[in-house]
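# Summary of the model geometry
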Amino acid sequence: MNIAVGIITAPRPRPVLNESLHSYRDAGFISARTMVFADGAVRPFVNDPANVVHDGKTYGNLRNWNRALTTIYRSQGDCEWLMVCEDDINWATNAFEILMKDLALFQQSRKYASTGALSLYCPVRVSNDIERMRQQSALLPGWYPINHGLKTWGAQCLVFSRAQAHALLTCRTWEYYIRSSKDKNVDAFVAESVRSRGLAIGYRIPCLV
């Protein structure tokens, strides 16, 4: 299986992109096709072989995220999986190997059919809700579909199959948000667009980022 990765970045008081890229490579993402989508006038210094996409325009978080997913979807046609990450995450040890094995297995499951996006980061609020729903005090390793719609937070690292990515990018709800004046809330708008199609977000336990 192949995966294409888009990492979104924007100017921060303390730059974190290179630290995150170092963690990303240490986690095994050596062969993954990686593009960094830089927002704003300043081109970031990247001490990494990732391809930096920078045109000097200011997109805002929402549209830069959409630009990242759209670009890797269109340009990496032979990649079965697409992932968009923020620039301030740290990765679990051996995350690449674990993720590739997980995706191959999960794609064959009934749970996968109910999802429109997969998250490698799970906020405590989400894990607490899953525990309540399942009446468990602790969650076993695996994928757990749930959707909080517009009350969702946590778009640090989202993964899509090609079919899931196409469905999101052509979803009327998603197109509405992209055409709006809003420039944040990627997490909420992805979740609401997925929810509008009767699907959930699959959260991986334990988190990989």
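In this report, the structure presented in the accompanying data block is examined. Think of each chain on its own: its residues are numbered from 1, step by step along the sequence as written. Only residues with pLDDT of at least 70 get local features here, since the model is predicted, and only at 80 or more are side-chain atom pairs given and counted; chain-wide, interface and lining totals rely on the full set of residues. Heavy atoms from the whole structure form the basis of all side-chain values; hydrogens and water molecules are not counted.

## With respect to the pairing of strand S5 (residues 115-119)
- With a 1.4 Å probe rolled over the protein chains alone, any residue whose accessible area is under 20% of its type maximum counts as buried; one over 50% counts as exposed, and the rest are partly exposed. The helix count covers DSSP runs of H or I at least four residues long, the strand count covers runs of E at least two residues long, and both are numbered beginning at the N terminus. Among the five residues of S5, five are classified as buried, and the element is accordingly described as predominantly covered.
- One ladder, built from four bridges, connects S5 with strand S8 (residues 200-205); its direction is parallel. Across the sheet, the residue bridging to Leu-118 is Gly-202, located in S8.
- Inspection of the sheet shows S5 paired to strand S7 (residues 157-161) by two bridges, in the antiparallel sense. The partner of Leu-118 across the bridge, within S7, is Val-159. Strands are labelled as partners when DSSP assigns at least two bridges between them.

## Brief notes about the pattern of salt bridges
- When a carboxyl oxygen of Asp or Glu is within 4 Å of a side-chain nitrogen of Lys or Arg, the pair counts as a salt bridge. Within this structure, the stated rule accounts for ten salt bridges.
- In this structure, Arg-12 and Asp-87 form a salt bridge, with 2.7 Å as the shortest nitrogen-oxygen distance. Of the two residues, Arg-12 is situated in the loop between strand S1 (3-9) and helix H1 (17-26) and Asp-87 in the loop between strand S4 (81-86) and helix H3 (95-106); the sequence distance between them amounts to 75 residues.
- When its relative accessible area of 3% is taken as the criterion, Asp-87 is described as buried.
- We note a salt bridge from Asp-55 to Arg-67, for which the minimum N-O separation is 3.9 Å. Pair noted here: Asp-55 is in the loop between strand S3 (51-53) and helix H2 (61-75) and Arg-67 is in helix H2, with a separation of twelve residues, a long-range link.
- Classification of Asp-55 by relative accessible area gives partly exposed; the value is 40%.

## Points about the nonpolar core
- One finds Trp-65, Leu-69, Phe-160, Trp-174 and Val-190 to be the most contacted residues of the largest nonpolar core, which totals 38 residues.
- The leading source of residues in this core is helix H8 (residues 186-195), at six residues. What makes a nonpolar core is a set of buried Ala, Val, Leu, Ile, Met, Phe, Trp, Tyr and Cys residues whose side-chain atoms join them at distances within 4.5 Å.

## A short note on unusual backbone geometry
- For the bond running from Ile-205 to Pro-206, omega is -5°, close enough to zero to count as cis.
- Tracing the chain through its elements places Pro-206 in the segment after S8.
- With phi around 60°, Asn-94 is a residue other than glycine that occupies positive phi space.
- Along the chain, the position of Asn-94 falls in the loop between S4 and H3.
- One non-glycine residue, Asn-185, lies in the positive phi region at around 65°.
- Mapped onto the elements of the fold, Asn-185 is located in the loop between helix H7 (172-179) and H8.

## Describing the sheet that holds S8
- Reading across from one edge, S3-S2-S1-S4-S7-S5-S8-S6 is the order of the eight strands in this open sheet, with mixed pairing throughout. Two strands lie at the open edges of the sheet, namely S3 and strand S6 (142-146), each paired on one side alone. Sheet twist, expressed as the mean angle between neighbouring strand axes with direction ignored, is 25°.
- Bridging between S1 and strand S2 (residues 33-38) involves six bridges; their strand directions are parallel. Only C-alpha atoms enter the line fits that serve as axes; for helices the fit covers just the stretch in contact. Angles between N-to-C directions range over 0 to 180 degrees.

## A look at the side chain of Glu-86
- Looking at where Glu-86 falls in the secondary structure, it is placed in strand S4.
- Neither His nor the chain ends contribute to the count of charged residues, in which Lys and Arg are positive and Asp and Glu negative. In this structure Glu-86 is buried but unpaired, with Arg-12 as the nearest side chain of opposite charge at 5.1 Å.
- The contact definition used throughout considers only heavy atoms, calling two residues in contact when any of these lie within 4.5 Å. In this view, Glu-86 contacts Ile-7, Ile-8, Ser-20, Ala-155 and Gln-156; residues no more than four positions away in its chain are not counted.

## What about helix H5 (residues 124-134)?
- Among all positions in H5, only Val-126, Ser-127, Asp-129, Ile-130 and Glu-131 are buried.
- At its buried positions, H5 is contacted by S6 and S8.

## Considering the pairing of S8
- Among the six residues in S8, six count as buried, and that is most of the element.
- Along S8, one buried face is formed by Ala-200, Gly-202 and Arg-204 and the opposite face, lined by Ile-201, Tyr-203 and Ile-205, is buried too.
- Pairing geometry for S6 and S8, over five bridges, is antiparallel. What sits directly across from Gly-142, in S8, is Ile-205.

## Describing the packing of H7 against H8
- At their nearest, the axes of H7 and H8 sit 8 Å apart, and the two run at 150° to each other. With respect to their mutual orientation, H7 and H8 come out roughly antiparallel. In this structure, H7 uses Thr-173, Trp-174 and Tyr-177 to contact H8, whose residues at the interface are Phe-189, Val-190, Glu-192 and Ser-193.
- Its residues assigned to classes, the contact of H7 with H8 shows four nonpolar, two polar and one charged. Should an angle fall under 35 degrees it is taken as roughly parallel, and over 145 as roughly antiparallel, whereas 65 to 115 is taken as roughly perpendicular and any remaining angle as oblique. Charged means Asp, Glu, Lys or Arg here, nonpolar means Ala, Val, Leu, Ile, Met, Phe, Trp, Tyr, Cys or Pro, and polar covers whatever is left, Gly included.

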